[in-house]
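These are the residues of each chain, in order.
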Amino acid sequence: MTPIFRHLALAAAATAATPVAAQTFEDIEALEQRVSAALGAGIGESGGPARPIDRRLRLAACPGPVSVEAPTLGAATVRCEQLGWRIRVPVVRDDSAQAAGASNWGASPAAARTQRAAPVVRRGDPVALVVMSGSFTVSRQAVADQDGAPGDRIRVRTEPRATPIIGQVLADGRVLMSGFN
C-alpha cells in the first residue's frame, strides 16, 4: 500500500471510529423554553415565538449560558457569545408592547396583550385588497396569509402561488395596499 493510500485509510478509519453521538448539539427544545420564558408568552401567543424553532438546526452546544435578547424588527435573538452563533426567532406581533418601547422588556406581557385589538381578519379569509386615492378606490379579491387586527400590516395573496402583498388591515376587514397616494 502506498503511503498516500495508507494515510487516507487511517483518516477514514479514525472518522469512522468517532461516533456521531460524541458530537454535542444545543437542545432545541430547551432553547424554545428559554425564549418563551424570556418573552413571557408561549409559541403562537401574542408576544411569544411565532412558531417552534426548526428541529433540523444543529447548533454546537454552548459552553456557557445562552442569551435571549429583546425582540427587534419582529424577532428575538438567541446568542452563544462563546462560540459566536446566533439565531433569530420570529415573534408574534404585539402592537401595544411595541408602542410602549423596549423599556418594557421584562414587564408583564399579559397586561400588554389585554390591550391589543382582536383580529378582524384570519389566515385563509378572503379579503378585499384596496387601493385608495383621493378620487378613486380600486379593489381586488385576495386571501389573507396572516391574522390581523385593525392597523396591523399583513401578507395577502391574489393567487395561491403569487408573491405576497403587504397591506394594512382596516377596521371593516379590508386590506389597504400602501404606497399609492
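See the structure shown above.
Caption draft 1: Focus on the state of the cysteines. Per the counting criterion, the structure on display carries one disulfide. One disulfide in the model links Cys62 with Cys80; its S-S distance is 2.1 Å. Taking the torsion about the S-S bond as the criterion, the Cys62 to Cys80 disulfide, at about 85°, is right-handed. One end of the pair, Cys62, is in the loop between α2 (28-39) and β1 (67-72); the other, Cys80, is in strand β2 (residues 75-80), with 18 residues separating them in the sequence. With respect to burial, Cys62 and Cys80 carry one shared label: buried.

Caption draft 2: Structural view of the sheet that holds β2. The three strands lie next to each other as β1-β2-β3, forming an open sheet whose pairing is antiparallel. Looking at which strands have only one partner, the edges of the open sheet turn out to be β1 and β3 (85-90). Across the sheet, the axes of successive neighbouring strands diverge by a mean angle of 20°, strand direction being ignored. In this fold α2 packs onto β1, β2 and β3, with an angle of close to 55° to the strand it touches most, β1.

What counts as what
- Residues numbered from 1 in each chain as written.
- Predicted model: local features only at pLDDT ≥ 70, side-chain atom pairs only at ≥ 80, totals over all residues.
- Heavy atoms only, no water.
- Disulfide = S-S within 2.5 Å.
- Helix = DSSP H or I, 4+ residues; strand = E, 2+ residues; numbered from the N terminus.
- Buried < 20%, exposed > 50% of the residue type's maximum accessible area, 1.4 Å probe, protein only.
- Pairing = 2+ DSSP bridges.
- Axes fitted to C-alpha atoms, helices over the stretch in contact; angles between N-to-C directions.
- Contact = heavy atoms within 4.5 Å.

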